[in-house]
Amino acid sequence: MEVSVQPGRLSGHIPVPPSKSHTIRALLVAAAAGGTSRIRSPLFSRDTRACMRAVSLLGAVVREEGADLLVEGTGGRFSVPEDVIDVENSGTTLYLAGAMAALIEGGRAVFTGDAQLRRRTAGPLLASLQDLGARAESTRGNGCAPLVIGGPLRGGSTSIACPTSQYLSALLLACPLGKGESLVEVVELNEHPYIDMTLWWLKAQGVALEREGYDRFRIPGGQSYRAFDLTIPGDYSSATFFLCAAAVTGSTLTLTNLYPDDPQGDREVLEILERMGCRVEVSPEERAVRITGGSLSATEVDMTRIPDALPALAVTACYAEGTTRLYNAAHTRLKETDRIAVMAQELSRLGARVEELPDGLLIHGPCPLTGGIASSHDDHRVAMALAVGALAARAPVTIEGAEAAEVTFPEFFSLLEAHRTG
């Protein structure tokens, strides 16, 4: 699908969609719990529906009830799926549900995904699951899906490098339900806030574990999850695109459904945009953020904790005075696309002055986009970032593959048009 985005300003109140990361964790915890959980206001998107199908194939019963989900859990006794579990483009589902499949006894689950996902390695996670007694392998022997995973997860010790935090989150969610104690040593970790989110869920479930920072986790086995009733907070990663849209167009927007104490790392974007020259007002009582764009100045951003913000911040930097450096972002090369290379390519194609670095980008601004044709490379965050840049471009930008936004933010383009002021 092609979408042509015209330059223009925005205004009004925009409801931020629920968090994809929280929704997927909620589905997995509910699927492993005893009893029936109610997940209020979850995100319904391609990725979360892939997770809904995954937990259903693993034995949970998932029902939609209005805007909520009811999940009848398995009590930690996952079934051998009757079919291959196709997670489409959801890496979070592949890794986290894959680790849960290591609890299956008497069989194994087969996971696959789309062509893009089948190029993303799960090798370190598979090796750690094997260390902990599970059966876990890649059918092609390259660490990538299709994956075949089964139990029992007996416990033991393992050391793992986590260029994506999803490997560690997967182990943290599965190990409490294993047979024995697991010791996980982490030799590399990016995206620490996503681990904080997983730990938030474990704490809410009363899971016992000992940790030394993010380097070492001792997790007793034989624990269980319990049913819950919880509302999913808004997604700061999705909010980032409208925050940046206000920044580049000088617009004033109010974003709602944002919890000020949520562990999501992309809350940091508020401080970054304020540093660049925006006015940001946070209302904890209303769970809202009001932002007004202004004259933007370049900055330097360590992307270690907030890799998902790279596409939107790269576009924002095109409209800032001076050279912006986004660094410590090498792990973004392992996302749905190589986001460093893709953003350098597409922004340059649209007239920006961008240098690709091994671990990030240099954007020499101001370099307003000239308009033209750009590709999303089937990456939802690239599609939405290009749309943000188009709002302040000198001419319209046509985005090829714009439907990729449906992975996390199905209403993005309709909200963009609904809040135009010209």
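Residues numbered from 1 in each chain as written. Predicted model: local features only at pLDDT ≥ 70, side-chain atom pairs only at ≥ 80, totals over all residues. Heavy atoms only, no water.

## Points about the packing of aromatic side chains
Phase 1: What the rule picks out here adds up to 8 aromatic pairs.
Phase 2: A centroid spacing of 5.3 Å and a plane angle of 80° characterise the contact between Trp200 and Trp201, whose relative ring orientation is edge-to-face.
Phase 3: Given the relative accessible area of 38%, Trp200 is considered partly exposed.
Phase 4: When its relative accessible area of 2% is taken as the criterion, Trp201 is described as buried.
Phase 5: The interplanar angle of 50° and the centroid separation of 5.4 Å between the aromatic rings of Phe242 and Phe412 together place this pair among those described as tilted. Highlighted residues: Phe242 in helix α7 (residues 236-249) and Phe412 in helix α12 (residues 412-418), separated in sequence by 170 residues. Both residues of the pair, Phe242 and Phe412, count as buried.
Phase 6: Through successive ring pairs, a cluster of aromatic residues spans Phe241, Phe242, Phe409, Phe412 and Phe413.
Phase 7: The aromatic ring of Tyr214 is capped on one face by Arg211, whose charged end is 5.0 Å from the ring centroid. (Phe/Tyr/Trp six-rings, centres within 6.5 Å; stacked < 30°, edge-to-face > 60°. Buried < 20%, exposed > 50% of the residue type's maximum accessible area, 1.4 Å probe, protein only. Helix = DSSP H or I, 4+ residues; strand = E, 2+ residues; numbered from the N terminus. Lys NZ or Arg CZ within 6 Å of the ring centre and 35° of its normal.)

## Remarks on unusual backbone geometry
Phase 1: For the bond running from Gly151 to Pro152, omega is 5°, close enough to zero to count as cis.
Phase 2: By the secondary structure assignment, Pro152 is in the loop between β9 (147-150) and β10 (156-162).
Phase 3: Across the junction of Gly365 and Pro366, the peptide omega takes the value 0°, indicating a cis bond.
Phase 4: Mapped onto the fold, Pro366 is located in the loop between β21 (360-365) and β22 (372-375).

## What about the side chain of Arg38?
Phase 1: By the secondary structure assignment, Arg38 is in strand β3 (residues 36-40).
Phase 2: Of the polar contacts made by the side chain of Arg38, one reaches the side chain of Glu65; its length is 2.7 Å.
Phase 3: Among all residues touching Arg38, those that are not within four sequence positions of it are Glu65, Asp68, Leu69, Leu70, Phe228, Asp229 and Leu230. (Polar contact = N/O pair within 3.5 Å; in protein donor to acceptor, adjacent residues only side chain to side chain. Contact = heavy atoms within 4.5 Å.)

## Quick word on the pairing of β22
Phase 1: With 4 bridges joining them, β22 and strand β23 (residues 397-400) adopt parallel strand pairing. Following the sheet pairing, Ser375 is matched in β23 by Glu400.
Phase 2: Taken together, β22, helix α11 (residues 380-391) and β23 form a β-α-β motif whose crossover is right-handed. (Pairing = 2+ DSSP bridges. Right-handed = clockwise from strand over helix to strand, strands pointing away.)

## With respect to the nonpolar core
Phase 1: Grouped together as the largest cluster of nonpolar side chains are 74 residues, with contacts concentrated most on Phe242, Leu273, Leu313 and Phe413.
Phase 2: Ranked by the residues each element gives to this core, the list is headed by α7, at 10 residues.
Phase 3: The contacts of Phe413, once residues within four sequence positions are left out, are Val3, Val5, Ala383, Ala387, Ile399, Ala402 and Ala405. (Core = buried A, V, L, I, M, F, W, Y, C linked by side-chain atoms within 4.5 Å.)

These results come straight from atomic positions and should not be treated as a statement about function.
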